[in-house]
Amino acid sequence: MEGNGHSSSSSKSLERVISRKAMQVGSSAPCKTWVAGFFCGVCIMYLSGVALPSLRIPQSLPVYPPLWRAILWNSTLTELADGAAATDELASVQEQMQKTNKNEQITEGRIMHLYNAWSTWLNTTRDEVLKSSDAPQPPHLDNCRFNAERNKRFDSYGDNGTFPPWTLWRGSLGLELLNKIYSDDGKKMRLIPNPYQQYPPWIVGSDEENYPLTRRVQRDIWIHQHPPNCSDPSLRFLIADWERLSGFGIGAQLAGMAGLLAVAIKEKRILVTGYYNRADHNGCKGASRSSWSCYFFLETSPDCRRRAFELMQSKDSWANGMVKAKENYTSKKIWVGRIPRIWGEPWKYMQPTTEINGRLVINHRKMDRRWWVAQATRYLMRFPTEYMCGLLNEARHSAFGMQAAKLVLESVHNNLPKVGITRSRSDIETLVWSDHKPYIPRPLLSMHVRMGDKACEMVVVGFENYMELAGKLRKRFPSLKNIWLSTEMQAVVDKTKFYPDWNFYFTSVARQGGNMTMAKYEARLGRETSTNYPLVNFMLATEADFFIGALGSTWCYLIDGMRNTGGKVMSGYLSVNKDRFW
């Protein structure tokens, strides 16, 4: 309404200017040519400054996005001021336009103010914020402390040995109401968790939206890895450090550990992971340093880990086979060994939703391994830790925080809540809506562009090939315009400017300028950065609506597996590879 008022006022002022000029020169024949020129000039200025929509600036957004609209308005104001007319009437029109622009800048200022307020929340808990801040809640940030505490309950037995509170009720709703007694026609009833009727809470979607038997397999793996009594003398263990050979990336480490988990299940051993070199940095504090537990929940319970490390000190335990290490197995058995058959052969029923070279992959000789690696990866990464959650919050805030602030302010008509008002959350906010995923601009396409030294393993293709597949997606889903881009190559990021109809987001990290090896590149970044930013990209890729990558890359292969055990089978997967699936 406000914008329409300004437009109407501007039109009336413009008419008065034109009428006055017409009366002054209308009776002068020699000036008719000048009058026509004057009218044309005014009309062109009017159409350019008021009637036509503002110029759209292409967006290639790193995690520290510039205020494009603020830059645009400043540029527009400068140009209009240089070309302002000398008459009082035109000056009045110009002042009205400047006033409108000023209001826009105030809006940008409010957005930035709210964005900065949220920035201070990144290292605090949500409860602390609720007590001390009057700013609206950030829809793109997770409550990391609360999530970690809730997930710990889902990942451990109760005080009296009861099974974890897995129910058909999601998240906080089940935790809050699980053990309460309800009355049904005078009869008392209590919800009791049953491991053979309920499924793990880290699985999203139905059976049809995941790889076959995903929910059952995840439940069975958890039960296998979490015996109620870790002191049971019949228990056997497989203790293994994560791979740390030079050139082994995070993807290769996960694939290797998936093979060891398969060995452990086949031999009825409990897998216990040891030293994780990528967590050996100052960001991982206390016991989580040099441990997978810095980023994700551990593969077994603390009691079973203590028991395994105790047995390691006993020569008899090694002699009688109660304990084995990774070194007791050949590389072939770990990397290409037989997949557990206790669930039959569910990979034979996998839905063909991966497209390579324009055709769906219906069957291939490594379907069993693809299915198993997906299950093992999902289990190992089932619950992010508070530290990992914080990294994701920082990435989402840097990439999407300005958009989230704009949406929130628009929802309250650009007015922040009054200072001093105590806000309390209702039950539905606390128990139901708290289980929803944080805001990201949807639909979102994740794209992992792998180049560099990967050329020694597969045929790499240019960024143009990835964008060609993105265009194919957009033809079917015309609202798609957001891309989360992960790549180690600076040349790829530079090319995003040639695609102004897409909004690109990516982490702000130094990238390769040439074809150096991945090991050298990671060494240049440092251990903490070279571990944190890939894991952030990985997790955001699993949450995106669509994914484009190269199945010849182990990293893309694992992302695909996480998506296919995360309710996104029917989103499909477009691969740039034309000759291989792994």
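What counts, and at which threshold
Residues numbered from 1 in each chain as written. Predicted model: local features only at pLDDT ≥ 70, side-chain atom pairs only at ≥ 80, totals over all residues. Heavy atoms only, no water. Disulfide = S-S within 2.5 Å. Helix = DSSP H or I, 4+ residues; strand = E, 2+ residues; numbered from the N terminus. Buried < 20%, exposed > 50% of the residue type's maximum accessible area, 1.4 Å probe, protein only. Salt bridge = Lys/Arg side-chain N within 4 Å of Asp/Glu carboxyl O. Expected span 1.5 Å × (residues − 1). Arc of directions from axis to C-beta. Pairing = 2+ DSSP bridges. Axes fitted to C-alpha atoms, helices over the stretch in contact; angles between N-to-C directions. Contact = heavy atoms within 4.5 Å. Core = buried A, V, L, I, M, F, W, Y, C linked by side-chain atoms within 4.5 Å. Parallel < 35°, antiparallel > 145°, perpendicular 65-115°, else oblique. Left-handed = near helix turned anticlockwise from the far one by under 90°. Nonpolar A, V, L, I, M, F, W, Y, C, P; charged D, E, K, R; others polar.

### Focus: the state of the cysteines
Moving on, step 1. Applying the stated criterion across every chain, the model contains three disulfides.
Moving on, step 2. At a sulfur-sulfur separation of 2.0 Å, the disulfide partner of C230 is C304. Negative torsions about the S-S bond denote left-handed disulfides, and the value of about -85° found for C230 with C304 makes this one left-handed. Highlighted residues: C230 in the loop between α8 (214–225) and β4 (237–240) and C304 in helix α10 (residues 302–312), separated in sequence by 74 residues.
Moving on, step 3. Look at C304 and you get buried, because its relative accessible area is 0%.
Moving on, step 4. Two residues share a disulfide in this structure: C284 and C294, whose sulfurs sit 2.0 Å from each other. Because the torsion about its S-S bond is -85°, the bridge between C284 and C294 counts as left-handed.

### Focus: the pattern of salt bridges
Moving on, step 1. For the structure on display, the rule yields 22 salt bridges.
Moving on, step 2. Its salt-bridge partner being D280, residue R289 comes within 3.0 Å of it at the nearest N-O pair.
Moving on, step 3. Exposure remark for D280: the relative accessible area of 24% places this residue in the partly exposed category.

### Brief notes about helix α16 (residues 463–476)
Moving on, step 1. Under the 1.5 Å per step criterion, the end-to-end length of α16 is 21 Å for 14 residues, consistent within 8% with the ideal 20 Å.
Moving on, step 2. Buried residues of α16: F463, Y466, M467, L469, A470 and L473, and no others. Viewed along the axis of α16, the buried residues span an arc of 155°, placing them on a single side of the element. With respect to the buried face of α16, the exposed residues turned more than 90 degrees away are E468, K475 and R476.

### So, the sheet that holds strand β5 (residues 270–273)
Moving on, step 1. A sheet is described by the order of its strands in space; here three strands give the open sequence β5-β4-β6, paired in parallel fashion. For this open sheet the edge positions go to β5 and β6 (323–325), each flanked by a neighbour on one side alone. Taken over all neighbouring pairs, the strand axes of this sheet differ in orientation by 25° on average, direction set aside.
Moving on, step 2. Where β4 and β6 come together, three bridges link them in parallel fashion. Looking at the pairing, I239 lines up with A325 of β6.
Moving on, step 3. Sheet strands in contact with α10 are β4, β5 and β6, and its direction is about 85° off that of β4.

### Concerning the nonpolar core
Moving on, step 1. Ranked by size, the top nonpolar core spans 77 residues in total, and within it W292, Y295, W372, M381 and M388 carry the most contacts.
Moving on, step 2. The biggest single contributor to this core is helix α9 (residues 250–266), with ten residues.
Moving on, step 3. Excluding residues within four positions of it along the chain, M388 makes contact with C294, Y295, F296, L535, V536 and M539.
Moving on, step 4. Counting residues in hydrophobic clusters, the runner-up holds 24 residues, among them M447, V449, Y466 and V576.

### Topic: the packing of α9 against helix α20 (residues 554–564)
Moving on, step 1. Interhelical geometry of α9 versus α20 gives an angle of 55° and a closest axis separation of 8 Å. In this view, α9 runs oblique relative to α20, as classed from their interaxial angle. As for the relative orientation of α9 and α20, their crossing is left-handed in sense. Touching I250, G251, A252, L254 and A255 of α9 are T554, W555 and L558, all from α20.
Moving on, step 2. Taken together, the residues that form the contact of α9 with α20 break down as six nonpolar, two polar and no charged.

### Quick notes on the packing of α8 against helix α13 (residues 367–380)
Moving on, step 1. Where α8 contacts α13, the axes come no closer than 10 Å and their chain directions differ by 55°. In terms of orientation, α8 lies oblique with respect to α13. Between α8 and α13 the crossing geometry is right-handed. In contact with T214, V217, Q218, I221, W222 and Q225 of α8, α13 contributes W371, W372, Q375, R378 and Y379.
Moving on, step 2. Within the contact of α8 with α13, the residues separate by chemical class into six nonpolar, four polar and one charged.

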